[in-house]
Amino acid sequence: MENYLDENFSGVKPKHSSDEVLQRWRNLCSVVKNPKRRFRFTANLSKRGEAAAMRRTNQEKLRIAVLVSKAAFQFIQGVPVSDYVVPEEIKAAGFQICADELGSIVEGHDVKKLKIHGGVDGIAEKLSTSTTCGLTADNKLLNHRQEIYGINKFTETQARGFLVFVWEALHDMTLIILAVCALVSLIVGIAMEGWPVGAHDGLGIVASILLVVLVTATSDYRQSLQFRDLDKEKKKISIQVTRNGYRHKMSIYDLLPGDIVHLSIGDQVPADGLFVSGFCVSIDESSLTGESEPVMVSAENPFLLSGTKVQDGSCKMMITTVGMRTQWGKLMATLSEGGDDETPLQVKLNGVATFIGKIGLVFAVVTFAVLVQGLFNRKLGEGTHWSWSGDDALEMLEFFAIAVTIVVVAVPEGLPLAVTLSLAFAMKKMMNDKALVRHLAACETMGSATCICSDKTGTLTTNHMTVVKSCICMNVKDVDRQSNASSFCSEIPDSTVKLLLQSIFNNSGGEVVINKEGKLEILGSPTDAALLEFGLFLGGDFQGERQAPKLIKVEPFNSTKKRMGVVLELPEGGLRAHTKGASEIILAACDKMIDSNGEVVPLDEASIDHLKATINQFASEALRTLCLAYMELENGFSPNDPIPLTGYTCIGIVGIKDPVRPGVKESVAICRSAGITVRMVTGDNINTAKAIARECGILTDDGIAIEGPDFREKSEEELFKLIPKIQVMARSSPLDKHTLVKHLRTTFGEVVAVTGDGTNDAPALHEADIGLAMGIAGTEVAKESADVIILDDNFSTIATVAKWGRSVYINIQKFVQFQLTVNVVALIVNFSSACLTGNAPLTAVQLLWVNMIMDTLGALALATEPPTDELMKRAPVGRRGNFISNVMWRNILGQSLYQFLVIWYLQVEGKAIFQLNGPDSDLILNTLIFNSFVFCQVFNEISSREMEKINVFKGILDNYVFAAVLTSTVLFQIIIIEYLGTYANTSPLTLSQWFLSVFIGFLGMPIAAALKMIPVASQ
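Residues numbered from 1 in each chain as written. Predicted model: local features only at pLDDT ≥ 70, side-chain atom pairs only at ≥ 80, totals over all residues. Heavy atoms only, no water.

A. Quick peek at the sheet that holds strand 26 (residues 788-790). Spatially, eight strands are ordered 8-26-25-24-9-21-23-22 in an open sheet, and the strand pairing comes out mixed. Looking along the sheet, the strands with just one partner apiece sit at the ends: strand 8 (435-437) and strand 22 (704-707). Averaged over all adjacent pairs, the angle separating strand axes in this sheet is 20 degrees, with direction ignored. The sheet contact formed by strand 9 (residues 451-454) and strand 21 (residues 677-681) spans four bridges and is parallel. Paired with cysteine 453 across the two strands is arginine 679, which belongs to strand 21. (Pairing = 2+ DSSP bridges. Helix = DSSP H or I, 4+ residues; strand = E, 2+ residues; numbered from the N terminus. Axes fitted to C-alpha atoms, helices over the stretch in contact; angles between N-to-C directions.)

Right, dumping it as structure tokens:
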């Protein structure tokens, strides 16, 4: 079977499988009872094709729009004459421009129309908004605006109700055939024996079909509700917006035309709009157009399209068009119907279902042929082969129903659906544990993870940063918040303090604003916030410092350059550049420094050594170090020029404390005991990284810490020896991270999970088997590339995700072991009995009940087992493990053999053992066989809770679903035997017969325990 699965169903990967590969396995699934249900949780390839075509159309439209816009721009002389007429309803609403006109300006990149309407300021006026204060936060006015311009949501497929799932469950081909059989049975039965006696068999099948449909639809409907809740969580995206003059976070779905939105690196543009102000804004439009070349956005090219991503820079934009009026809205509406890729386990289990289904089909045909031959032989012996009665027709119909029901039992349609059930259950629970799964496959892949490459800042540490040490004017001091600023500044010249405050407040991606309560609030990244807080501690005035000079150019921080820079035009004249960033990089760019007298002096060897020693001292205390520097631009500066990289004067160095998160050390130890290697990959100083890594338990005595530049220079041969020992990589670039992940996956066959928060982490997140983005510090670009979003940015949550991933994998293995056992026994019992005795002990109704026990109910019981701590004490499956392991085959074959021998013995010797005589002896014996068979499955379900451990009762009551399924199965079995005999072909049993049936089932448990003692190879 493994060979068959590897050849035909192993092409689908956890990520980035091609449409051809996805189509191929669908074509191989030849034995499918209910395609609507079987392929419900697979990608809709035709809808994806439509989305790809839409992207190509967008690309062509935008290309033409840009060309026309450029041409128009060259020919516009003065203000063109407008032929636009404002619709009356727009005028009545208090606006001067309609949604269609706004859409045509931005989507068409129409410079001419924009100029006609008075540019960005003119559009703002016509939208009754302010580019500085934003919209007025009056609910009545906002609702009125929403009625005119629409909401920022795309049309989604309507949630399906319960009756739709009932209708889909009725599409099962075998159930349809059985329904036809039931109808024929009713007609013939009533014609032969009258009502109600003649209707019993037919009604029994109809009732069984309805029960199967009802239970199946209920299970599927519950699953759909879980996925709907998760989809809502995935779509929760917030962005910084100014309304009523206050800047705050808001859901992108509440945005309206006229809103002023603040964008920075890694943000997704939430709606179509126009650039208001900003610096170095580079936009990636590939998600909308497929075009990989970034587009520069500025006052000359102010058009921003929804769904595109900010690759570099920061800006303010004004929203003009929202929701389904944008191309992104239309594209997302199509893409949402495309669905998620199916997971490798789903595909593999579809393969198992197809393989066993083919065998079952052959068995069913042969069984039917043998039973019909037996009937012919009997009639031939009686000499009645030329005369056929209604009873003979009913018997033939019963044979056909049995053959069809063998197909029902033999095709394990529940296998691939059990994966979805288990994943839906796990995803819902993981959501409560602060992990949002974006792609189904990530759940099961995380269970196989052998390596986690984790960021330091915010993941291993708390991301609550404060400046605790500084070295200004060569004077190292602790920053004590209890003392006042005057004592701290007493040894620093006033001119240096002024320069320091100018650097802190102007060279920052953050802001200090007054919130609605009238209190100061710091916005921005944790590093920026720590520096701004330090500036306020020194007595600085943020707004005063920001407004005094004129900002000429900003080069925002990114993880490649590891620095940020600004150029200011000073009030007293002259230009000054400020830079801050990684201490070693900025210090290397300095050739001067400020001494204790506030004088600028050359940076000599002794001073460099002192500053380097200070950096190392701060870093060894696990502090992040930043260097601040400036330079006077005496030769002038053009905004089109890059900010200089050298020739700076060092102002000082600050040490920022970012404490290790509680529980991280324990989580790293749990991962290590689970066979998962944890590596730290950070852009920080190597000494800071090593100190934190030792504190977390990541860096051990035999591990290596390396810097990104050194790693880059290694040859392939050196990397092969080095990579297994690397535990810390400091001063790494995104490319270093990508290279490390690629080598771990391809060269060493590791299953790699990678954390990331920045835009530049996207390639590594994309390359990894499981990309983990940070929910708090992570940019939208990082989240878009990730498979799982860690909502609390905590490493302990990553360990929890690994535990849940293992739980999913093991739970599905348990269910497969249980279902294949039932498959094998039900097939062999009915087939061998039909061949040797001419009749089948299990009727169509009984087989339908067995099918429900092993399919929907079995999946509910075993696929929803919660994870235990024991899971993190075993080795990971890795990339090459067989899903159906030797341990599983041992349990399946051993248990199947026991069940088959017991049932066969009952069939041969049952009458003698129970001293059954009289006309009902066959009916009672078949009831005993059916009852024993069902209780064998009940106790086998309990044994399947553990595949290798003998104690299967541990934590059994913690899983209320398992207990409920088991209880309801036993109760319904009692009802079937004692009260529904007329419809289910059973007879009430005596107390001793009940005891023996249950005992035969129970005996399977010690046999299962004995089987677990037989050693087998793991693969």
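B. Layout of a nonpolar patch on the surface. Among the surface-exposed residues, Ile190, Trp195, Leu203, Ile975, Tyr979, Leu980 and Tyr983 lie close enough to one another that they form a single nonpolar patch of about 700 Å² accessible area. Checked against the element boundaries, leucine 203 lands in helix 12 (residues 200-234). On the basis of relative accessible area, leucine 203 is assigned to the partly exposed category, the value being 31%. (Patch = residues over 30% accessible without salt bridge, like charges linked within 9 Å, V, L, I, M, F, W, Y side chains within 5 Å. Areas by Shrake-Rupley, 256 points an atom, 1.4 Å probe, with all protein chains shown as cover. Salt bridge = Lys/Arg side-chain N within 4 Å of Asp/Glu carboxyl O. Buried < 20%, exposed > 50% of the residue type's maximum accessible area, 1.4 Å probe, protein only.)

C. Structural view of the pattern of salt bridges. Inspection of every chain in the model, using the stated rule, returns 23 salt bridges. A salt bridge links aspartate 100 to arginine 325; its shortest N-O distance comes to 3.3 Å. Note that aspartate 100 is positioned in helix 6 (residues 99-107) and arginine 325 in the loop between strand 7 (309-321) and helix 14 (327-338), a separation of 225 residues in sequence. Overall, the relative accessible area of 57% leaves aspartate 100 in the exposed class. Overall, the relative accessible area of 36% leaves arginine 325 in the partly exposed class. For the salt bridge of arginine 731 with glutamate 584, the shortest nitrogen-to-oxygen distance reads 2.6 Å. Linking arginine 731 in the loop between strand 23 (726-730) and helix 29 (734-746) with glutamate 584 in helix 23 (residues 583-588), this pair joins segments that are 147 residues apart in sequence. Linked through salt bridges whose partners overlap, the residues forming this network are Lys456, Arg624 and Asp684.

D. Just the side chain of asparagine 463, in detail. Relative to the assigned elements, asparagine 463 resides in the loop between strand 9 and strand 10 (466-472). Residue class for asparagine 463 comes out buried when judged on its relative accessible area of 13%. Apart from residues no more than four positions distant in its own chain, asparagine 463 is found in contact with Thr457, Gly458, Pro526, Asp658 and Ala777. (Contact = heavy atoms within 4.5 Å.)

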